[in-house]
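Letter by letter, the chains look like this.
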Amino acid sequence: MGLLEANQDTMPRAAHPLSLGEIVENGLCIGCGLCRSIATPDAIEMVMTPEGRERPVARQALDRPTLMRINAVCPGTRIAGPPPARSGETTLMDTVWGPVERLVLGRAGDPSVRFIGSGGGVLTALGQFLLSSGRVKFVLHVAASHSQPMRSETRLSFDAASMLEGAGSRYGPAATLVDFGDILDRGEPFALIAKPCDITAVRNLARLDPRVDEYMRYALAFVCGGASDLSKSEQVLQRFGLAEDELALFRHRGHGNPGLNRIETRDGRAFELSYRQLWEDEDKWMIQPRCKICPDAIGQVADIAVSDAWLNGGPAVEDEALNGIIVRTRRGLELFDAAVETGALEIKRETGIAEISELQSHQVRKRRAVWARLKGMAIAGKPVPFVTDLALGDCALQNSLAENLAEGRGARDRAHRGRLGEPPAAPRKSRTVQSC
Ligand SMILES: Cc1cc2nc3c(=O)[nH]c(=O)nc-3n(C[C@H](O)[C@H](O)[C@H](O)COP(=O)(O)OP(=O)(O)OC[C@H]3O[C@@H](n4cnc5c(N)ncnc54)[C@H](O)[C@@H]3O)c2cc1C
Ligand code: SF4
Ligand code: SF4
């Protein structure tokens, strides 16, 4: 843990757990749904807000033990890096990138998986291999909703076909953990494929519930630039003059690398945007507030983290199917080696920290900026997450003093203006989703 980071706990959490409303309104919630799944039935509902975010709303007063439990597991209030004991002797520990057992460029062995998958289909191929090798009974991940294909919902995949249906990046909200209690109740070995913050949340829960370590055999993450509001996808519909209830398909990418944002309507029309067109205007990315202060968007607590790897300088053109694969734990290494051995994965070549830093320069910038951003928020009197074992202070030391001051002051000023927070969570009129 970095020295600077040791001072990061600015809120007296044990004495005053944050309420759900405080977590949301201070921009700390990412809508994972775990609080809903650990509270008593019907105590918390997930709603789609007018801004296009899935957020928890307490349907009854939550007692103090429940709030303490939520504060202990929520990835908005507690973010712990990998425990040092988990890594092996050969593990490289990079200040920015965290633990690395192996770092390669690779892809799915099956050509259809690598085509349909987001980059090179590595996560889908690993999920399929986990199932076919009998390592797990099912994989928890997300997929497009059948009834509302622009939205994402949790998916339990028991076979290769179902894994493939969930392939591709879903850039909008996704409450991956909304039913996590039910998943543990099944008492069967499973794997989780999800955002880094989702994995942070379940690792937090593992400290309270031993069933997580007993049944969750693998946690695989993608490297994550941030989750957009649903409004981002709604803008795309507006561009084509479409309404959500006309949709038969809404795919953000995949079917190529990166592939097109493709929309199909129930009456047979199709519309497409390139990845560049989808993301050309940064002011319209609509990234959720929690993402701007994300201390671990690179999946340090996953067994394997998978990134994009565009070797031609970015997603300007269709690139070869490829991923960066960061194997982080011994368990991840055993899985990776076995998947390569059976042909589920193909290695293109070894890579290293320098190349991955170049391919993911935005992640490096964020890792170096987050310590100062959190300090700025704390100075503005806002609650910040309790962060441990993520070397945030050491990352900040890679920035100049001027850069740290600029990040800190920027965050402080934005926090003062309320730009890092959110309105109280409330359902959209007549369009509540994922109510449970
Ligand atoms: C919001 C978001 C931001 C991203 N930002 C970056 C970035 O900055 N840098 C980078 O290198 N890569 C980023 N990616 C990851 C990248 O798009 C690929 O997903 C990743 O490289 C894995 O590719 P793949 O071909 O192995 O994935 P696939 O084989 O297509 O598998 C993707 C898996 O991820 C799951 N999944 C998709 N979306 C979500 C979601 N929103 N929440 C939970 N699970 C989901 C799917 O269920 C599927 O199992 C981002 C992805 C998302 C969804
Ligand atoms: S981040 Fe997850 S656990 Fe925390 S308040 Fe939001 S939905 Fe609940
Ligand atoms: S940037 Fe961080 S908080 Fe945002 S979705 Fe990705 S992992 Fe979660």
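Here we summarise the structure given alongside this text. None of the values given here were measured: they were computed from a predicted structure.

## Some words on helix 13 (residues 330–341)
Then, number 1: In a regular helix each residue adds 1.5 Å, so 12 residues correspond to 16 Å; helix 13 covers 16 Å between its end C-alpha atoms and thus fits that length.
Then, number 2: Regarding helix 13, the residues found buried are Gly332, Leu333, Leu335, Phe336, Ala338 and Ala339.
Then, number 3: Where helix 13 is buried, its residues meet strand 6 (102–108), helix 5 (122–132), strand 10 (216–222), strand 14 (304–308), strand 15 (323–327) and strand 16 (345–350).
Then, number 4: A positive backbone phi angle near 90° is found at Gly343, which sits one or two residues after helix 13.

## Overview of the environment of Asn257
Then, number 1: With respect to the helices and strands, the residue Asn257 is situated in the loop between strand 11 (247–251) and strand 12 (261–265).
Then, number 2: With 140 residues separating them in the primary sequence, Asn257 and Gly117 have C-alpha atoms 8.1 Å apart.
Then, number 3: Discounting chain neighbours no more than four positions away, the residues touching Asn257 are Ser118, Gly119, Asp308, Trp310, Val317, Glu318, Asp319, Glu320, Ala321 and Leu322.

## With respect to the pairing of strand 6
Then, number 1: Summarising burial for strand 6: six of the seven residues are buried, a large majority.
Then, number 2: Across five bridges, the pairing between strand 6 and strand 15 is antiparallel. Bridging from a neighbouring strand, Gly106 pairs with Asn323 of strand 15.
Then, number 3: Note that strand 6 and strand 16 share five bridges and pair antiparallel. Bridging from a neighbouring strand, Arg107 pairs with Glu346 of strand 16.

## Some details on the packing of helix 5 against helix 13
Then, number 1: One way to put it is that helix 5 packs onto helix 13 with a least axis distance of 10 Å and a crossing angle of 90°. Accordingly, the angle class assigned to the pair helix 5 and helix 13 is roughly perpendicular. Residues Leu126, Phe129 and Leu130 of helix 5 touch helix 13, and the partners they reach there are Leu335, Ala338 and Ala339.
Then, number 2: Grouping the amino acids of the contact of helix 5 with helix 13 by side-chain chemistry returns six nonpolar, no polar and no charged.

## A closer look at the sheet that holds strand 7 (residues 138–144)
Then, number 1: With respect to topology, eight strands assemble into an open sheet ordered 8-7-9-10-14-15-6-16, the strand pairing being mixed. Edge positions in the sheet fall to strand 8 (152–157) and strand 16, since each has one partner strand and no second. Mean inter-strand twist for the sheet, computed between neighbouring axes without regard to direction, equals 30°.
Then, number 2: Its contacts with the sheet put helix 5 on strand 6, strand 7, strand 8, strand 9 (190–194), strand 10, strand 14, strand 15 and strand 16, and the angle it makes with strand 10 is roughly 170°.
Then, number 3: Relative to strand 10, helix 8 (residues 196–206) is tilted by about 150°, and along the sheet it contacts strand 9 and strand 10.

## Observations concerning empty space enclosed by the protein
Then, number 1: Within the structure shown, the criterion is met by two cavities of 30 Å³ or more.
Then, number 2: Here the largest cavity defines a volume of roughly 120 Å³.
Then, number 3: The wall of the largest cavity is formed by 17 residues, among which Cys29, Cys32, Cys35, Cys74 and Pro75 lie closest to the centre.
Then, number 4: Put simply, the parts of the chain that give the lining of the largest cavity at least two residues each are helix 1 (20–25), helix 2 (34–38) and helix 3 (64–73).
Then, number 5: Sorting elements by how many residues they give to the lining of the largest cavity places helix 1 first, with three residues.
Then, number 6: For the lining of the largest cavity, the residue count by class is 14 nonpolar, three polar and no charged.
Then, number 7: As a volume, the second largest cavity reaches approximately 90 Å³.
Then, number 8: Taken together, 14 residues form the lining of the second largest cavity, with Cys197, Cys224, Gly226, Cys291 and Cys294 sitting closest to its centre.
Then, number 9: At the level of secondary structure, the elements contributing two or more residues to the lining of the second largest cavity comprise helix 8 and helix 12 (289–292).
Then, number 10: Residues that form the lining of the second largest cavity fall into these classes: eight nonpolar, two polar and four charged.

## Observations concerning the site of ligand 3
Then, number 1: The full set of residues close to ligand 3 is Ile30, Lys195, Pro196, Cys197, Cys224, Gly226, Ala227, Arg290, Cys291, Cys294 and Lys366.
Then, number 2: According to the grid-proximity analysis, the pocket containing ligand 3 is the second largest cavity.
Then, number 3: Looking at the shell around ligand 3, the elements that each hand over two or more residues are helix 8 and helix 12.
Then, number 4: For the shell around ligand 3, the class distribution of residues is seven nonpolar, one polar and three charged.

## Remarks on the site of ligand 2
Then, number 1: The environment of ligand 2 is made up of Leu20, Ile23, Cys29, Ile30, Gly31, Cys32, Gly33, Cys35, Pro56, Cys74 and Pro75.
Then, number 2: In a pocket analysis with a 2 Å cut-off to the grid points, ligand 2 is assigned to the largest cavity.
Then, number 3: When grouped by side-chain class, the residues that make up the shell around ligand 2 number nine nonpolar, two polar and no charged.

## Details of the pattern of salt bridges
Then, number 1: Applying the stated criterion across every chain yields a total of 31 salt bridges.
Then, number 2: Ionic pairing is found between Asp179 and Arg36, a salt bridge with its closest N-O pair at 3.3 Å. Here Arg36 lies in helix 2 and Asp179 lies in the loop between helix 6 (160–165) and helix 7 (180–185), a separation of 143 residues in the sequence.
Then, number 3: Take Asp179: its relative accessible area is 27%, and that puts it in the partly exposed class.
Then, number 4: Of the charged contacts in the structure, one is a salt bridge between Arg135 and Glu334, with a shortest N-O distance of 2.6 Å. Note that Arg135 is positioned in the loop between helix 5 and strand 7 and Glu334 in helix 13, a separation of 199 residues in sequence.
Then, number 5: In this structure Glu334 comes out as partly exposed when scored by relative accessible area, which is 39%.

Parameters at a glance
Residues numbered from 1 in each chain as written. Chains lettered and ligands numbered in written order. Predicted model: local features only at pLDDT ≥ 70, side-chain atom pairs only at ≥ 80, totals over all residues. Heavy atoms only, no water. Helix = DSSP H or I, 4+ residues; strand = E, 2+ residues; numbered from the N terminus. Expected span 1.5 Å × (residues − 1). Buried < 20%, exposed > 50% of the residue type's maximum accessible area, 1.4 Å probe, protein only. Contact = heavy atoms within 4.5 Å. Pairing = 2+ DSSP bridges. Axes fitted to C-alpha atoms, helices over the stretch in contact; angles between N-to-C directions. Parallel < 35°, antiparallel > 145°, perpendicular 65-115°, else oblique. Nonpolar A, V, L, I, M, F, W, Y, C, P; charged D, E, K, R; others polar. 1 Å grid on protein atoms, 1.4 Å probe; cavity = no way out; pocket = protein on both sides within 12 Å on 5 of 7 lines; lining within 4 Å. Points joined across faces, edges and corners; volume = space filled by probe spheres on them. Near = heavy atom within 4 Å. Sits in = over half its atoms within 2 Å of the grid points. Salt bridge = Lys/Arg side-chain N within 4 Å of Asp/Glu carboxyl O.

Any functional reading would require information that these geometric values do not contain.
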